[in-house]
Amino acid sequence: MQTERREIGMIMLYHGSNVKIETVCLDRCNPYKDFGKGFYLTDIEEQARQMAIRRTRIAGEGSPCITAYAFDERLLNDPSLKVKIFNEPSKEWALFILANRKGMAEQGYDIVVGPIADDGVAFQLERYMRHMITLDTLVEELTYRKLNRQYLFGTELSISKLQKL
């Protein structure tokens, strides 16, 4: 059995919205998200498409739009960027999401990469805060079954590393 090898270099990232994104404006980004305030992308186009449909339905206006960007993954190792990577759901990942959702996390990451929490994240976080479940159970419950990744670009410096296509 061969192990799949992935070249590190340029990757495609996608953002799903109800409006066309001409320029990223961090001031328009919502706080209290999984990885904090910033511009969220995914490396899975279908996931971005579903987000665009959902965002359009919630906003009640616009139409689903996917904006594509190229990003050089090697920049995740660039010492001039403050990067946090979660390779899989973990206690640290769950607590990081909890702190961000409560607005209590350390800000200042240029880029955060990690799994997307399940849609029931608010419910599970509430159960954890009420001591109804353990941290281990919280991690298990927040694990998105397909382990889709999300990328947060939280600073102007990181946004400048995206190449709109």
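Since this is a predicted model, take the numbers as computed values, not measurements.

Another aspect to go through is unusual backbone geometry. Despite not being glycine, Tyr 32 has its phi angle at roughly 65 degrees, a positive value. Of note, Tyr 32 is situated in the loop between strand 1 (10-17) and strand 2 (39-42). By relative accessible area, Tyr 32 is classed as exposed at 51%.

This part takes up the pairing of strand 1. Among the 8 residues of strand 1, 6 are classified as buried, and the element is accordingly described as predominantly covered. Bridge count for strand 1 against strand 3 (residues 65-72) is 8 bridges, and the pairing is antiparallel. In the strand pairing of strand 3, Tyr 14 is matched with Ala 68.

Relative to the assigned elements, Asn 100 resides in helix 2 (residues 91-101). With residues near it in sequence (within four places) discarded, Asn 100 still touches Tyr 32, Lys 33, Asp 34, Phe 35, Gly 36, Ala 105 and Gln 107.

If you walk through the whole model with that rule in mind, you get 11 salt bridges. Here Glu 73 and Arg 149 are joined by a salt bridge, their closest N and O atoms 3.9 Å apart. Of this pair, Glu 73 sits in the loop between strand 3 and strand 4 (83-85) while Arg 149 sits in strand 6 (residues 149-153); the two residues are 76 residues apart in sequence, bridging distant segments of the chain. The buried category is assigned to Glu 73, whose relative accessible area is 6%. What makes Arg 149 partly exposed here is its relative accessible area of 25%.

This next bit is on helix 4 (residues 135-142). Taken together, the buried positions of helix 4 are Leu 135, Leu 138, Val 139 and Leu 142. End-on view of helix 4: buried residues confined to an arc of 100 degrees, all on one side of the axis. The inward-facing, buried residues of helix 4 contact helix 2 and helix 3 (121-129).

Criteria and thresholds
- Residues numbered from 1 in each chain as written.
- Predicted model: local features only at pLDDT ≥ 70, side-chain atom pairs only at ≥ 80, totals over all residues.
- Heavy atoms only, no water.
- Helix = DSSP H or I, 4+ residues; strand = E, 2+ residues; numbered from the N terminus.
- Buried < 20%, exposed > 50% of the residue type's maximum accessible area, 1.4 Å probe, protein only.
- Pairing = 2+ DSSP bridges.
- Contact = heavy atoms within 4.5 Å.
- Salt bridge = Lys/Arg side-chain N within 4 Å of Asp/Glu carboxyl O.
- Arc of directions from axis to C-beta.

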